[in-house]
Amino acid sequence: MTRAAALVARTEFRRTVRAITTDRTKLLMMSLLAAFAFGSVTVAGGYLLPTLGEHFADGPAAGSVALATNTVAGGVAIGWLFLVGMSAIRAFTAADPDEPAFLLVSTSTRNAAVGLVGAEILLFAVWVFPPAIVLSSAFAVGADTAVPVVGAVLVAALALLSAVPVGFVVGVWVRHLVTAYEPIARYRWFLFVGFWALYFGAIATGRFDLVVSELFVALQDGPLGWPGHLLLATVPNVPASGTAILGALVGTALVTPIAVGIGVASARVHWFADPARFDDRHRSGASSSRLAGALSRGVDRPTRTVTVTAIRRTRRAPIRLAYVGYPLFGAVGFVQAILEAGTIPAYVAVVLSVYLVWAAGALFTLNPLGDLGRALPAVVTSTLSGRQSIAGLVLAGVLVAAPVGLVVSLALGLASPISLERTAALAAATTVGAVATPALATGIGAALPRFGSVNVTNSREAVMPSKAAFAVYSLAVILPTAAAAALYVDAAAPIAALLSATAAWAPTPSVSITAAQIAGVAWAVLVVGLLAPPTSALYAIERFDRYTLE
């Protein structure tokens, strides 16, 4: 690595670390990921590996030696593939560095590409080396030798030096295909959604575990498992294959420069290629004209202009609605429940219908002022009134969400064990909710706006609603929904009994909670929830009309 490439690597590494540490949300998410992904494994290993180290130091049985050999070789092979996949995902965004024009005129393409690969190796090393050192140290304590720590560090280094460059090549070419190759770039959003749907579907159905277990066995004796013998050579009383160790060292020495060379050539092709150009404006313009024509009979021109503009902007830049899909990550577990039951459970149909109601308000109206972006001064000083602006956004949400809510909730109800009467009630409630929540979201978003953009990916920014608006809006949807459900199924008595039993465990004097009290609270919450949408919309209108630029 030349001096210029090393400077690029240090700069990109420092920039990425700074971007994470200065963003509290990212820092919290990374901390949680580290705690769940590595914390449990590290804690469990800290308790089990010392005993395992003692076992091998005392002379294990032949069966234990064979099991250890297969486990280490297969685990290293799976770990290498995992690093390739994760580095490819990282390279998809890292291949589009900040200020690429400045970077590419400041140094050669080779220095820039090698520097980016070096930065990725450093970033992955931060995640890989600490668990490797901790776990190997725990084993070394039981084995009464520090050599396994050295072996673990060497294996981790070999894996990083070979896997990250390979992943960089894969990530660069995937990015090139979805940004520069027109037939694929035109449908990239469908490909992204399909990829993640297949990925999470494979996890939920158990297919992912099946594939990993098959690869674990198949790759034990292959080249990807050879670096594991370098670790086995440091384990007491476990023979390692010298041929496999030599093959791992030679293979890494060959794969790394070849992958880096291909990565440099791939980056050169991608960085200097013209992006795919396909203009769908004529189609979106035609559909917008049809929508405006359909609305012209009963909607005034400023209002329908706001409606059409909101839908058109979202269609051209769907990344603006990425946050609407975040709750769906929690629905992956529903797939397993559906497969086990052979049908859609009733609670899944209800929860997904509630999500549709929530999404209806989050589409266009949860940040009515911040979504205007640079146009905010021009819009608020124009002749457009708050009533027209808010009504246009609410209408956009209703036009998109209400038909979807009706069809999907009806399909969910019919596919579940819910009776026809309750299916009709579910579809009606979902449709009414999809009409009410856009109005509900306007006042919350106007009271808690966000004007600045946030990073959706490392290279894409979008204006999203504030976290406070998300939280308040979600509670405003969930609480009345829960109250209506409790009243509909007459659950006041069971809830009262549950709360009374819970209160009995508290160190405070016993509290008697009756079903009438629960029903009264539910009715109060439901009434407030029914009055909230028009009240929220009126507040948003007043906030828009009285908004002043600072």
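The following paragraphs examine the structure supplied in this document. Values in this document were obtained by computation on a predicted structure and should not be read as measured data.

Now for the overall build of the chain. Secondary structure assignment for the chain yields 21 helices and 2 strands. Counting only C-alpha atoms, the chain reaches 80 × 70 × 45 Å along its principal axes. Within the chain, the proportion of its 550 residues that are buried is 39%. Considering only intrachain contacts with a sequence separation of at least 6, the fraction spanning at least 24 residues in the chain is 80%. With the model as given, the accessible surface of the chain reaches about 29,300 Å², and the carbon-plus-sulfur share is 70%. Separation between the mean location of the 34 positive side-chain charges and that of the 25 negative ones in the chain comes to 13 Å.

Tracing the backbone through its elements, the reader meets serine 266 in helix H11 (residues 242–271). According to the relative accessible area criterion, serine 266 is buried, its value standing at 4%. A polar contact is formed between the side chain of serine 266 and the side chain of tryptophan 173, at a distance of 2.7 Å. In contact with serine 266, other than residues within four places in its own chain, are Val169, Val172 and Trp173.

Next up on the list: the nonpolar core. In terms of nonpolar packing, the biggest core is built from 42 residues, with Tyr323, Val324, Trp358, Ala362, Leu366 and Tyr473 touching the most fellow members. Those elements that place two or more of their residues in this core are helix H13 (301–316), helix H15 (346–364), helix H16 (376–380), helix H17 (386–415), helix H18 (420–447), helix H19 (467–488) and helix H21 (515–545). No other element matches the 9 residues that H15 contributes to this core. Core analysis: the second largest hydrophobic core is formed by 26 residues, Ala5, Val114, Val117 and Ala125 among them.

To continue, consider the environment of phenylalanine 168. Summarising the element assignment, phenylalanine 168 is placed in helix H6 (residues 147–180). Residue phenylalanine 168 is classed as buried on the basis of its relative accessible area of 2%. As for phenylalanine 168 and alanine 425, which are separated by 257 residues in sequence, their C-alpha atoms are 52 Å apart. Look past the residues within four positions of phenylalanine 168 in its chain and what remains in contact with it is Ser87, Ala91, Leu116, Val117 and Gly263.

Summary: where empty space remains is shown by rolling a probe the size of a single water molecule over the atoms. Reported here for the second largest pocket is a volume of approximately 1,100 Å³. As for the second largest pocket, its lining consists of 36 residues, and the residues nearest its centre are Ala429, Pro480, Thr481, Ala484 and Ala485. Counting residues per element, the lining of the second largest pocket draws most heavily on H19, at 12 residues.

Summarising the element assignment, threonine 365 is placed in the loop between H15 and H16. One polar contact links the side chain of threonine 365 to the main-chain carbonyl oxygen of proline 438, over a distance of 3.0 Å. The contacts of threonine 365, once residues within four sequence positions are left out, are Leu393, Val394, Pro438, Ala441 and Thr442.

The subject of this paragraph is empty space enclosed by the protein. On inspection of all chains with the given rule, the structure shows 2 cavities of 30 Å³ or more. Each pocket or cavity is described by its volume, and for the second largest cavity that value is around 30 Å³. Residue lining of the second largest cavity: Pro368, Leu369, Ile390, Ala446, Ala540, Arg543 and Phe544, and that is the complete set. For the lining of the second largest cavity, the element with the most residues is H21, which contributes 3 residues. Here the residues of the lining of the second largest cavity are counted per class, giving 6 nonpolar, no polar and 1 charged.

Side chains of Arg3, Arg10, Arg14 and Arg18 sit close together on the surface and give a patch of like positive charge. With respect to the helices, strands and loops of the structure, arginine 18 is situated in helix H1 (residues 3–21).

Going through the model one piece at a time under the given rule, you end up with 5 salt bridges. Where arginine 15 meets glutamate 12, a salt bridge forms, and the shortest distance between an N and an O atom there is 2.8 Å. In this pair, arginine 15 and glutamate 12 both sit in helix H1, 3 residues apart, roughly one turn of the helix. The class for arginine 15 is partly exposed, based on a relative accessible area of 28%. Overall, the relative accessible area of 11% leaves glutamate 12 in the buried class. For aspartate 300, the salt bridge identified is with arginine 387, shortest N-O distance 4.0 Å. You can see aspartate 300 sitting in the loop between helix H12 (281–295) and H13 and its partner arginine 387 sitting in helix H17, a full 87 residues away along the chain. Here aspartate 300 falls in the partly exposed class, since its relative accessible area comes to 29%.

Viewed as axis vectors pointing N to C, H6 and H11 meet at an angle of 25 degrees, and their least axial separation amounts to 8 Å. Here H6 lies roughly parallel to H11, going by the angle between them. Read as a crossing pair, H6 and H11 show a hand that is left-handed. Contacts from Leu158, Leu161, Ser162, Pro165, Val166, Phe168, Val169, Val172, Trp173, Arg175, His176 and Thr179 of H6 reach H11 at Leu249, Thr252, Val255, Thr256, Ala259, Val260, Ile262, Gly263, Ser266, Ala267, Val269 and His270. Taken together, the residues that form the contact of H6 with H11 break down as 15 nonpolar, 8 polar and 1 charged.

Turning our eyes to something else, we now look at the packing of aromatic side chains. Evaluation of the coordinates by the stated rule reveals 8 aromatic pairs. Look at phenylalanine 92 and phenylalanine 192: their rings are 5.8 Å apart centre to centre, the planes differ by 85 degrees, and that puts the pair in the edge-to-face class. Residue phenylalanine 92 is located in helix H3 (residues 62–94), and its partner phenylalanine 192 is located in helix H8 (residues 188–205); the two are separated by 100 residues in the primary sequence. On the basis of relative accessible area, phenylalanine 192 is assigned to the partly exposed category, the value being 25%. On the numbers, 5.9 Å between centres and 80 degrees between planes, the contact of tyrosine 199 with phenylalanine 208 is edge-to-face. With relative accessibility at 33%, the residue tyrosine 199 sits in the partly exposed group.

What follows is about a nonpolar patch on the surface. Where nonpolar side chains cluster on the molecular surface, the patch consists of Phe82, Met86, Ile89, Phe195, Trp196, Tyr199, Ile203 and Phe208 and spans about 750 Å² of accessible area. Elements with a contribution of two residues or more to the nonpolar patch: H3 and H8. Per-element tally for the nonpolar patch: the top contributor is H8, with 4 residues. With respect to the secondary-structure elements, phenylalanine 208 resides in helix H9 (residues 207–218).

The rules behind the values
Residues numbered from 1 in each chain as written. Predicted model: local features only at pLDDT ≥ 70, side-chain atom pairs only at ≥ 80, totals over all residues. Heavy atoms only, no water. Helix = DSSP H or I, 4+ residues; strand = E, 2+ residues; numbered from the N terminus. Buried < 20%, exposed > 50% of the residue type's maximum accessible area, 1.4 Å probe, protein only. Contact = heavy atoms within 4.5 Å. Areas by Shrake-Rupley, 256 points an atom, 1.4 Å probe, with all protein chains shown as cover. Lys, Arg positive; Asp, Glu negative; His and termini not counted. Charge placed at Lys NZ, Arg CZ, Asp CG, Glu CD. Polar contact = N/O pair within 3.5 Å; in protein donor to acceptor, adjacent residues only side chain to side chain. Core = buried A, V, L, I, M, F, W, Y, C linked by side-chain atoms within 4.5 Å. 1 Å grid on protein atoms, 1.4 Å probe; cavity = no way out; pocket = protein on both sides within 12 Å on 5 of 7 lines; lining within 4 Å. Points joined across faces, edges and corners; volume = space filled by probe spheres on them. Nonpolar A, V, L, I, M, F, W, Y, C, P; charged D, E, K, R; others polar. Patch = residues over 30% accessible without salt bridge, like charges linked within 9 Å, V, L, I, M, F, W, Y side chains within 5 Å. Salt bridge = Lys/Arg side-chain N within 4 Å of Asp/Glu carboxyl O. Axes fitted to C-alpha atoms, helices over the stretch in contact; angles between N-to-C directions. Parallel < 35°, antiparallel > 145°, perpendicular 65-115°, else oblique. Left-handed = near helix turned anticlockwise from the far one by under 90°. Phe/Tyr/Trp six-rings, centres within 6.5 Å; stacked < 30°, edge-to-face > 60°.

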